[in-house]
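A structural walkthrough
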Amino acid sequence: MAGTGIGGGRRDRSPLMPVILTAIGLALIAGFISLGVWQLHRRVWKLDLIATVNARLDAPPVAAPPTAGPADVYRRVTVRGTFRNDRETFVQAVTERGLGYWVMTPLVGPRFTILVNRGYVPAEKRADHDRPSGPVTVTGLVRVSEPGGGFLRSNDPAADRWYSRDVAAIAAAKGLGPVAPYFIDADATPNAGGYPVGGLTVVSFRNSHLSYALTWFGLAILTVVGLVIVWRPGRER
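Fair warning: this is a prediction, and the values are worked out from it, not measured in the lab. (Residues numbered from 1 in each chain as written. Predicted model: local features only at pLDDT ≥ 70, side-chain atom pairs only at ≥ 80, totals over all residues. Heavy atoms only, no water.)

The next subject is the pattern of salt bridges. With the rule as written, the count across this model stands at 11 salt bridges. With its nearest N and O atoms 3.5 Å apart, the salt bridge here joins Arg165 to Asp185. Taken together, the residues span a long stretch of sequence, with Arg165 in the loop between strand S8 (153–154) and helix H2 (167–173) and Asp185 in strand S9 (residues 182–186) at a distance of 20 residues. On the accessibility criterion, Asp185 (4% relative accessible area) is buried. Taken together, the shared-partner salt bridges connect Arg143, Glu146, Arg165 and Asp185 into one network. (Salt bridge = Lys/Arg side-chain N within 4 Å of Asp/Glu carboxyl O. Helix = DSSP H or I, 4+ residues; strand = E, 2+ residues; numbered from the N terminus. Buried < 20%, exposed > 50% of the residue type's maximum accessible area, 1.4 Å probe, protein only.)

Now the structure itself:
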């Protein structure tokens with residue numbers, strides 16, 4: 001006779017245990033499948049975004065607008081004006097050329113003022129780089145403002161230390177008055193003396209949504225296998 005007390009044999013599990021496990025398993029399967037489907041939708045969205053941005057990059061430049069929204073990001077634009085070299089700002093940068101700074105210079109045009117990221121300079125070129133004094137035409141990409149800071153550090157306008165290209169904060173610190181709410185990354189048109197170096201914008205979108213979806217669907221299949229084991233006839237649970 002099988003013992004059921006202390007020192008006895010195996011205690012039978014509650015008959016409700018398979019039901020509880022099944023309920024948990026079904027909830028997990030539904031959740032995993034939902035997450036997998038959501039990742040597939042995200043993949044479609046990301047592919048559409050990549051195609052849209054690539055089309056903007058390949059399109060001929062248009063006149064820079066006084067304002068810009070999400071539909072204008074990475075659009076090629078052109079603008080004419082005069083640089084205010086006395087109000088340039090150096091923003092810490094990490095580029096394919098190494099550590100250095102972005103040279104952010106206000107460009108005063110006939111309709112509005114806009115900040116232009118003229119490109120990269122190494123530390124030793126902060127005081128020794130091209131500064132055009134007359135009217136210029138700039139072609140580049142629309143970029144959104146980067147408020148707050150970067151590199152895990154906050155911008156410090158009072159000390160003129162900048163870690164992100166925060167348009168509003170730079171404009172206020174330099175006394176520029178109203179400016180366009182975005183900035184332009186200048187293209188690779190060479191500057192006299194070689195610096196600043198433009199055209200270093202990195203346009204890259206990570207697209208791992210398919211692998212994420214397969215992971216979630218795989219977890220759903222493993223959960224189904226677990227439920228089959230739970231309910232397999234003759235199997236001790």
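As a further point, take the pairing of strand S5 (residues 113–121). Among the 9 residues of S5, 9 are classified as buried, and the element is accordingly described as predominantly covered. Looking at chain direction, strand S4 (residues 98–108) and S5 are connected through 7 bridges and run antiparallel. Looking at S5, one finds that Tyr101 is bridged to Val121. Taken together, S4 and the strand that follows it, S5, pair antiparallel across an intervening segment of 4 residues. Here 3 bridges tie S5 to S9, and the two strands are oriented parallel to one another. Each residue of the ladder has a partner; that of Val116, found in S9, is Ile184. (Pairing = 2+ DSSP bridges.)

Inspection of every chain in the model, using the stated rule, returns 3 aromatic pairs. Each ring, one from Tyr74 and one from Phe205, has its centre 6.3 Å from the other, and the planes form 85°; the classification is edge-to-face. Here the residue Tyr74 occupies a position in the loop between strand S1 (62–63) and strand S2 (76–83), and Phe205 occupies one in the loop between S9 and helix H3 (209–231), the gap between them amounting to 131 residues. Sitting over the face of the ring of Phe83, Arg118 holds its NZ or CZ atom 4.9 Å from the ring centroid. For Arg126, the ring lying beneath its charged end belongs to Phe90, and the centroid distance is 4.4 Å. (Phe/Tyr/Trp six-rings, centres within 6.5 Å; stacked < 30°, edge-to-face > 60°. Lys NZ or Arg CZ within 6 Å of the ring centre and 35° of its normal.)

Within the largest apolar cluster, 15 residues are counted, with the highest numbers of intra-cluster contacts made by Ala64, Leu107, Ile114, Val116, Val138, Tyr182 and Ile184. Put simply, the parts of the chain that give this core at least two residues each are S2, S5, strand S6 (135–144) and S9. Here Ala64 is in contact with Val77, Thr78, Val79, Arg111, Phe112, Tyr182 and Ile184, once residues within four sequence places are set aside. If you look at the next biggest cluster of nonpolar residues, it comprises 14 residues, including Ala93, Leu115, Trp162 and Ala171. (Core = buried A, V, L, I, M, F, W, Y, C linked by side-chain atoms within 4.5 Å. Contact = heavy atoms within 4.5 Å.)

Moving on: a nonpolar patch on the surface. Taken together, the side chains of Leu16, Met17, Val19, Ile20, Leu21, Ile24, Leu28 and Trp231 make up a nonpolar region of the molecular surface, amounting to roughly 720 Å² of accessible area. The dominant element in the nonpolar patch, judged by the number of residues it contributes, is helix H1 (residues 17–58), at 6 residues. Assessed through its relative accessible area of 46%, Ile24 is described here as partly exposed. (Patch = residues over 30% accessible without salt bridge, like charges linked within 9 Å, V, L, I, M, F, W, Y side chains within 5 Å. Areas by Shrake-Rupley, 256 points an atom, 1.4 Å probe, with all protein chains shown as cover.)

Another aspect to go through is the confidence of the model for the chain. Confidence in the prediction for the chain averages 90 pLDDT; 92% of positions are at 70 or higher. The model gives residues 5–9 a pLDDT under 50, and that stretch makes 2 contacts with residues more than four places away or in other chains. (pLDDT = per-residue confidence, 0-100.)

Our next topic: unusual backbone geometry. Glycine aside, residues mostly have negative phi angles, and peptide bonds mostly take the trans form. Cis rather than trans, the peptide bond between Tyr195 and Pro196 has omega equal to 0°. Tracing the sequence through the fold places Pro196 in the loop between S9 and H3. Even without being a glycine, Phe151 presents a positive backbone phi close to 55°. Position of Phe151 relative to the elements: it lies in the loop between strand S7 (149–150) and S8. Phe151 gets classed as partly exposed once you look at its relative accessible area, which sits at 40%. Positive phi values are uncommon outside glycine, yet Leu152 reaches one of about 60°. With respect to the helices, strands and loops of the structure, Leu152 is situated in the loop between S7 and S8.

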